[in-house]
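An overview of the molecular structure
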Amino acid sequence: MKLSVLRGMQDILPHHVHLWQYVEQKARTILELYNFHEIRTPLLEQAELFLRSIGEDTDIVEKEMYIFNDKKGRRIALRPEGTASVVRAYIQNSLFNNPSPQKLYYIGPMFRYERPQKGRQRQFHQIGVECFGISSPSIEAELLWIVKQFFDTLNLKNFSFEINSIGCRKCRISYKESLFKFLRDKIKDFCSDCQRRFVKNPLRVLDCKVNSCREILRDAPLVLDFLCDGCKRHFFDFQEELKHYEIDYIINPRIVRGLDYYTGTVFEVTTSMLGAQNAVVAGGRYDELVGFFGGPSTPAVGFAMGVERIVELAKDSLCLKPKSPLVYVAYVGEELDREVKLVINEIRKEGFIAERAYEKTSLKNQLKKAHKLGVQWVIIVGEEEIKTSSYRWKRMVDGAQGIATLEEIIKLLRERNENK
RNA sequence: GCGGAUGUAGCUCAACGGUUAGAGCACUGGACUGUGGCUCCAGGUGCUGCGGGUUCGAGUCCCGUCAUCCGCCCCA
């Protein structure tokens, strides 16, 4: 039987993983600069957590969740997104007793049972942030600013910020009424998905991408026109903040998000460089979710970005190479293994990446190996040199070599490495 | 879940239904036993994704299946 990776999952191999580390490192650096703290929650949760937060009639819950029963018959789900888990952890651990606001971030795999495609895997990775306790729109603006900063450090281009407000519960009551009236006599002309959505969650009809449906929806009422004074004000202030940050944005009234917990501000960052899977970042405000799960009423906002998609974008503009060892320790002659260990330990103690020959082979082969590894320096341990307690060094770039004590060689490495 | 395309060496790709299936790169060893890149030689380079069927004969044609890619859908 041939074993292979599961559909929609992939190995991230060493020659590729350095890009991931780079992206993750940059994300951590910038998020921590803005006083976000990492939180790590389990990959498995009670299925109910997602059913109730994301919404039972969303696509994620209806057909994309990995759900199974464990040995005790509990309903378990692999997390399809991060927000629900973080909210659960926030409430369960009473993080609301810590100084407000709580600004959290996470990096990790998510699971959705979808048809795989480029930029869409069943196990995919998100870098996400969640802020609890800030109702001012300055936090939404700061989040988008962080995204922009992050993309700039990765040298990513060709993305656009799209924003919308879907209002609070209050606004949505009047909006839903109006939308319902609008759709009621036209719904027979919509696709079957829309007809189903119309019954269960009319807001979702707006998200349809079928051309004929979109055509009809062109005249549909916009949630933006039904915002209450508070939401209107909030959305206005949010845009003022974006202008202060000099972030170019467009208002896309069609963004309603695929998860039910959102209220007020929602946004997406899309790129034209990835084909159909064009969303790179998405998020919004969810002021009612903490209260909904029994925590104290707490304003909250967050976003998640798709790491696969960012890595895909970044790999063209970054062209990073994996690290090569700086030094290779070769040896000739018998019984010198102890000596090699001694030399290479000292070099590694200095923080230089070093590789060595593990098995006896010709010096020629060892140098070939060193060359392939891309090392800059080779140290040769041999009987001749040991007699004078010194070693031969060789600089690969120009072939220069000499004999020196280990202390002198390390000094040489230090100088050369600092010059770069 | 639906539609389309594609599966041959580690990678990029060839081979009319007809011998024992090929090239380049990469990989391993040797020529060179204390000196890399160049060259030459020798080699694993393989259940032609998997399973059936048609045929005297299938990498090639047909069916199924699995996987990848593209579109729909969904999203990150």
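Rules used in this analysis
Residues numbered from 1 in each chain as written. Chains lettered and ligands numbered in written order. Predicted model: local features only at pLDDT ≥ 70, side-chain atom pairs only at ≥ 80, totals over all residues. Heavy atoms only, no water. Helix = DSSP H or I, 4+ residues; strand = E, 2+ residues; numbered from the N terminus. Buried < 20%, exposed > 50% of the residue type's maximum accessible area, 1.4 Å probe, protein only. Contact = heavy atoms within 4.5 Å. Core = buried A, V, L, I, M, F, W, Y, C linked by side-chain atoms within 4.5 Å. Pairing = 2+ DSSP bridges. Axes fitted to C-alpha atoms, helices over the stretch in contact; angles between N-to-C directions. Patch = residues over 30% accessible without salt bridge, like charges linked within 9 Å, V, L, I, M, F, W, Y side chains within 5 Å. Areas by Shrake-Rupley, 256 points an atom, 1.4 Å probe, with all protein chains shown as cover. Salt bridge = Lys/Arg side-chain N within 4 Å of Asp/Glu carboxyl O. Lys, Arg positive; Asp, Glu negative; His and termini not counted. Charge placed at Lys NZ, Arg CZ, Asp CG, Glu CD. Parallel < 35°, antiparallel > 145°, perpendicular 65-115°, else oblique. Nonpolar A, V, L, I, M, F, W, Y, C, P; charged D, E, K, R; others polar. Disulfide = S-S within 2.5 Å.

Topologically, Gly302 is positioned in strand S11 (residues 300–306). With a relative accessible area of 3%, Gly302 lands in the buried category. Setting aside residues up to four positions removed in sequence, Gly302 forms contacts with Val129, Glu130, Leu143, Phe267, Gly283, Gly284 and Tyr286.

This next bit is on the nonpolar core. Phe36, Phe150, Phe151 and Ile310 are the most contacted members of the largest nonpolar core, which totals 50 residues. When residues in this core are grouped by element, the largest group, eight residues, is from helix H5 (residues 138–153). Setting aside residues no more than four positions away along its own chain, Ile310 makes contact with Val23, Phe150, Phe151, Leu154, Leu156, Val280 and Met305. Listed in part, the 48 residues of the second largest apolar core include Ala84, Ile91, Cys191 and Leu289.

Now for the sheet that holds strand S4 (residues 75–78). With antiparallel pairing, the three strands of this open sheet are ordered in space as S2-S4-S3. Pairing within the sheet leaves two strands with one partner each, and these edge strands are strand S2 (44–46) and strand S3 (67–69). Between one strand and the next, the sheet's axes are offset by a mean angle of 40 degrees, whatever the strand orientation. In the sheet, S2 pairs with S4 via three bridges, with the strands oriented antiparallel. Bridge pairing links Leu44 to Leu78 in S4. Against the sheet, helix H2 (residues 47–54) touches S2, S3 and S4, its axis set at about 70 degrees to S2.

What follows deals with a positive patch on the surface. Among the surface-exposed residues, Lys364, Lys368, Lys369 and Lys372 lie close enough to one another that they form a single positively charged patch. The exposed category is assigned to Lys364, whose relative accessible area is 59%.

The subject of this paragraph is the packing of helix H1 (residues 14–33) against helix H11 (residues 307–318). Relative to each other, H1 and H11 sit at 105 degrees, their axes nearing to 10 Å. In terms of their interaxial angle, H1 and H11 are classed as roughly perpendicular. Contacts between H1 and H11 involve His16, Leu19, Trp20, Tyr22 and Val23 from the former and Val307, Glu308, Ile310, Val311, Ala314, Lys315 and Leu318 from the latter. In terms of residue class, the contact of H1 with H11 is built from nine nonpolar, one polar and two charged.

Okay, the environment of His244 next. Tracing the sequence through the fold places His244 in helix H9 (residues 229–244). Its relative accessible area of 64% is what places His244 among the exposed residues. Along the chain, His244 and Ala141 lie 103 residues apart, while their C-alpha atoms are 9.3 Å from each other.

Time to look at the pattern of salt bridges. Using the criterion set out here, one finds 19 salt bridges in the structure. Between Arg285 and Asp287 there is a salt bridge, with its nearest N and O atoms 2.9 Å apart. By relative accessible area, which is 27% here, Asp287 ends up partly exposed. Each of Arg28, Glu38 and Arg40 takes part in salt bridges that share partners, so that together they form one network.

A separate point is the state of the cysteines. Applying the stated criterion across every chain, the model contains zero disulfides. With no disulfide of its own, Cys131 lies 19 Å from the sulfur of Cys231, the closest cysteine sulfur. For Cys131, a relative accessible area of 0% gives the class buried.

Moving on to unusual backbone geometry. Geometrically, the link from Ser100 to Pro101 is a cis peptide bond, its omega value of 0 degrees lying close to zero. Phi angles above zero are rare outside glycine, and Ser94 is one such case at about 50 degrees. Turning to its location among the elements, Ser94 is positioned in the loop between helix H4 (83–92) and strand S5 (102–111). Positive phi outside glycine occurs at Asn158, with the angle close to 60 degrees. If you trace the backbone, Asn158 turns up in the loop between H5 and strand S7 (159–165). Residue classification places Asn158 among the partly exposed positions, given a relative accessible area of 47%.

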